[in-house]
Amino acid sequence: MSAIAGALAEVRARIDRAAAAAGRAPEAIRLVAVSKTKPASAVREAYEAGQRDFGENYAQELVEKADELADLPDLRWHFIGHLQSNKARLVAPLAALVHTVDTPSLARELAKRAARAERPRLAVLVEVNVGGEAQKHGARPDELAELLDAVDAEPGLALTGLMTMPPHDLDAARRAFEALAALRERNGGSARLPELSMGMSDDLEIAVACGATLVRVGSAIFGARS
Ligand SMILES: *Cc1c(COP(=O)(O)O)cnc(C)c1O
């Protein structure tokens, strides 16, 4: 087994154990393998081990890898980095899910670019800065209701949930995950917002316990980034 295949199996086992501990079905949690800064060959290796969902942070890097891996038709790209409106044209034709919509203007631009790429409905999550930290991207909790309505008003987009970037500290991460789940309840619940994208290499068990449906795991699969 390759190193990547072994690491993937270990991460999947962690997700399954966390799901069992939380009384959740393991299929309710999708693993997004975060391949930023790693070569296309590493993505291909993970694909060969059965992984289908991959996360990228930088628009240009996504374009290059999608091109190199265009022979893998059922590979799904997730865009998980901060997205500037002027890069929406690169991401909208390629992403299966954009996790990081944080302004009405970005939503509008993504909808426009998806239509231009003849994509009927681009699935998106709204990123929330639950702690209101100044250095972080994402909508503030007090702006969320309005932003969700703005995304819903774009016929070219399908709003499917919420995303957050947790703090490093594990107790603070748990509070952030609980806060994201509570914000979902206050804004239509799982009927309107079925997906919660939260949890990374170090805190995925906590995220699964708090209701994550998407975990974004990079270094535990592909190794540390330089
Ligand atoms: C890099 C990154 C991850 C993965 O982080 P790891 O700690 O390597 O698992 C997840 N989400 C986002 C938004 C990232 O930028």
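Further up the page is the structure itself.
Residues numbered from 1 in each chain as written. Predicted model: local features only at pLDDT ≥ 70, side-chain atom pairs only at ≥ 80, totals over all residues. Heavy atoms only, no water.

Draft legend 1. Fine view of the overall build of the chain. Helices and strands together make up the secondary structure of the chain, namely 10 helices and 8 strands. Rg of the C-alpha trace for the chain: 17 Å, near the compact-globule value of 17 Å for 226 residues, within the 12% margin. On the principal axes, the C-alpha backbone points of the chain span a range of 50 × 40 × 30 Å. Here the analysis covers contacts within the chain between residues at least 6 apart in sequence; of these, 59% occur between residues at least 24 apart. Here the chain has roughly 10200 Å² of accessible surface; of this, 50% comes from carbon and sulfur atoms. Across the chain, the 28 positively charged side chains and the 32 negatively charged ones have centroids separated by 2 Å. (Helix = DSSP H or I, 4+ residues; strand = E, 2+ residues; numbered from the N terminus. Rg over C-alpha atoms; globule rule 2.2 N^0.38 Å. Contact = heavy atoms within 4.5 Å. Areas by Shrake-Rupley, 256 points an atom, 1.4 Å probe, with all protein chains shown as cover. Lys, Arg positive; Asp, Glu negative; His and termini not counted. Charge placed at Lys NZ, Arg CZ, Asp CG, Glu CD.)

Draft legend 2. Region of interest: the environment of asparagine 187. Mapped onto the fold, asparagine 187 is located in the loop between helix H7 (170-186) and helix H8 (189-192). Along the backbone, asparagine 187 and valine 98 are 89 residues apart, and their C-alpha atoms lie at a distance of 19 Å. In this structure the side chain of asparagine 187 is engaged in a polar contact, spanning 2.8 Å, whose partner is the backbone oxygen of leucine 183. (Polar contact = N/O pair within 3.5 Å; in protein donor to acceptor, adjacent residues only side chain to side chain.)

Draft legend 3. Summary view of the site of the ligand. In the vicinity of the ligand, 13 residues are found, and the nearest of them are Lys36, Asn57, Ser201, Gly218 and Ser219. With respect to the ligand, the side chain of serine 201 contributes an N or O atom lying 2.5 Å from an oxygen atom. In the complex, 90% of the free accessible area of the ligand, which totals 390 Å², lies under the protein chains. When the residues that make up the shell around the ligand are grouped by side-chain class, the tally is 6 nonpolar, 4 polar and 3 charged. (Near = heavy atom within 4 Å. Nonpolar A, V, L, I, M, F, W, Y, C, P; charged D, E, K, R; others polar.)

Draft legend 4. Summary view of the packing of aromatic side chains. For the structure on display, the rule yields 1 aromatic pair. Where phenylalanine 54 meets tryptophan 77, the ring centres are 6.2 Å apart and the plane angle is 55 degrees; that geometry is what we call tilted. Note that phenylalanine 54 is positioned in strand S2 (residues 53-56) and tryptophan 77 in strand S3 (residues 76-79), a separation of 23 residues in sequence. The residues phenylalanine 54 and tryptophan 77 share a single accessibility class, namely buried. The lysine or arginine in question, arginine 52, covers the ring of tyrosine 47, its NZ or CZ lying 3.6 Å from the ring centre. (Phe/Tyr/Trp six-rings, centres within 6.5 Å; stacked < 30°, edge-to-face > 60°. Buried < 20%, exposed > 50% of the residue type's maximum accessible area, 1.4 Å probe, protein only. Lys NZ or Arg CZ within 6 Å of the ring centre and 35° of its normal.)

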